[in-house]
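Fold and contact review
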Amino acid sequence: MEKVTNGLYQVGKGYQAFIIDGDEGVTLVDTGLPKKTDHILDGLAAIGRKVDDVKHIVITHAHVDHIGGLGVIRSLTDAEVMCSQEDAPAVQGDAEMTPPPVMVRFPFLKIMLKMFPEASPVPVDRLLTPGDELALSGDLTVLATPGHTPGHMSFLLDRSGGVMIVGDAASVNKKGEVVRGLFNAPTPQIDASIRAIAVYDFDMAVFGHAPPIRSGASGAFASAAADL
Ligand SMILES: [Zn+2]
């Protein structure tokens, strides 16, 4: 587990899920891969929280490395599960997951994706709308950042000068620059989502598959948006 800032922790290996600790309990953003929930449970224990302190689970998008742990965590808690209307059918098992745009260019990745264990379907309790302000264990503003999946969402956490929880809408290269990322393609929707994030003011950014940007993060998004 890695502490990002006060009350915000990231857990996982190769993918990140997030623990937001606050007065009202704990919010999880994403839940990692199936059968890897120990990362989350150990993270909660390390900050002195029990699993039933998890009151809300917010999902960036319906891919197995983000919703894989949802079934287990939901079975151990009364947490309210929230995601976008577009991605909810895949979370609930009513529709196939939409593969990331990179699959169009590299079809062999589809075979690799099939090697992941499947996520068990979980009912979604609340559908999120762009612009929603969620007063949870941290205050989150909901952004629609479609392209990676039809209903991908990012969340701006009002803490420590602002932390953008980007999900897989973008990534970071070895130079620390914001980029579309390996699993995205240069589609108009992906680029519009990066521009939509760049409109906001925030100090830090965290990603599904990249290390955090710990300062000047909205500037890094503005540079990326200007270069698209
Ligand atoms: Zn994804």
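Provided above is the structure to which this section pertains.
Now for a description of the structure that goes with this document. (Residues numbered from 1 in each chain as written. Predicted model: local features only at pLDDT ≥ 70, side-chain atom pairs only at ≥ 80, totals over all residues. Heavy atoms only, no water.)

**Remarks on the side chain of Thr-141**
Selection rule: A helix here means a DSSP run of H or I that spans at least four residues, while a strand means a run of E at least two residues long, and both kinds are numbered starting from the N terminus. A 1.4 Å probe rolled over the protein chains alone gives each residue an accessible area, and that area as a share of the maximum for its type sets the label: buried under 20%, exposed over 50%, partly exposed in between. In the analysis that follows, any N or O atom pair within 3.5 Å is treated as a polar contact, provided that within protein one partner can donate a hydrogen and the other can accept it, and provided that, for residues neighboring in sequence, both atoms belong to side chains. Throughout, a contact is declared for two residues whenever any of their heavy atoms are within 4.5 Å.
In this fold, Thr-141 is placed in strand β9 (residues 139–144). Among the residues examined, Thr-141 registers a relative accessible area of 15% and is labelled buried. Side chain to side chain, Thr-141 and Glu-133 meet in a polar contact 3.1 Å long. Filtering out sequence-adjacent residues up to four positions away, Thr-141 remains in contact with Asp-132, Glu-133, Ser-154, Phe-155 and Leu-156.

**Focus: the pattern of salt bridges**
Definition in use: Salt bridge, as used here, is a side-chain nitrogen of Lys or Arg placed within 4 Å of a carboxyl oxygen of Asp or Glu.
According to the stated counting rule, one finds six salt bridges in the structure shown. The salt bridge involving Arg-49 is made with Asp-21; its shortest N-O contact spans 2.8 Å. In this pair, Arg-49 sits in the loop between α1 (38–46) and β5 (54–58) while Asp-21 sits in strand β3 (residues 17–22), placing the two residues 28 residues apart along the sequence. Given the relative accessible area of 22%, Arg-49 is considered partly exposed. In the salt-bridge network here, residues are joined through shared partners; they are Asp-21, Arg-49 and Asp-53.

**Regarding the coordination of the zinc ion**
Metal coordination angles in their ideal form are 109.5 degrees for the four-donor tetrahedron and 90 or 180 degrees for the six-donor octahedron. Worth spelling out the cut-off: As a rule, N, O and S atoms within 2.8 Å of a metal are its donors, except that Na, K and Ca use 3.2 Å; water is not among the atoms, so sites may look incomplete.
Ligation of the zinc ion by protein atoms is provided by His-61 (NE2), His-63 (ND1), His-148 (NE2) and Asp-168 (OD), these donors lying 2.1 to 2.5 Å from the ion. Each donor residue of the zinc ion belongs to the same chain, and together they define the spacing H-x1-H-x84-H-x19-D. Placement of His-61 in the loop between β5 and α2 (64–67) and of His-148 in the loop between β9 and β10 (153–157) is noted, with a sequence separation of 87 residues between them. For the pair formed by His-61 and His-148, the shared burial category is buried.

**Quick word on helix α8 (residues 217–227)**
Short version of the rule: Of all possible arcs, the one meant is that of the directions from the helix axis to the C-beta atoms.
Buried within α8 we find Ala-217, Ser-218, Ala-220, Phe-221, Ala-224 and Ala-225. The arc that holds every buried residue of α8, seen down its axis, measures 155°, which confines them to one face. Projecting away from the buried face of α8 at angles above 90 degrees are the exposed residues Ala-226 and Asp-227. Taken together, the buried residues of α8 touch β13 (178–179), α7 (188–198) and β14 (204–206).

**Remarks on the sheet that holds β3**
Rule in force here: By definition, two strands form a pair when at least two bridges between them are found by DSSP. Each axis is a line fitted through C-alpha atoms, taken for helices only over the stretch in contact, and angles between the N-to-C directions span 0 to 180 degrees.
Ordered in space as β1-β2-β3-β4-β5-β6-β7, the seven strands form an open sheet in which the pairing is mixed. Edge positions in the sheet fall to β1 (2–5) and β7 (126–128), since each of these pairs with one other strand and no more. Going from strand to strand, the sheet's axes swing by 25° on average, the running direction of each strand aside. Where β1 and strand β2 (residues 8–11) come together, three bridges link them in antiparallel fashion. Bridged to Glu-2 within β2 is Gln-10.

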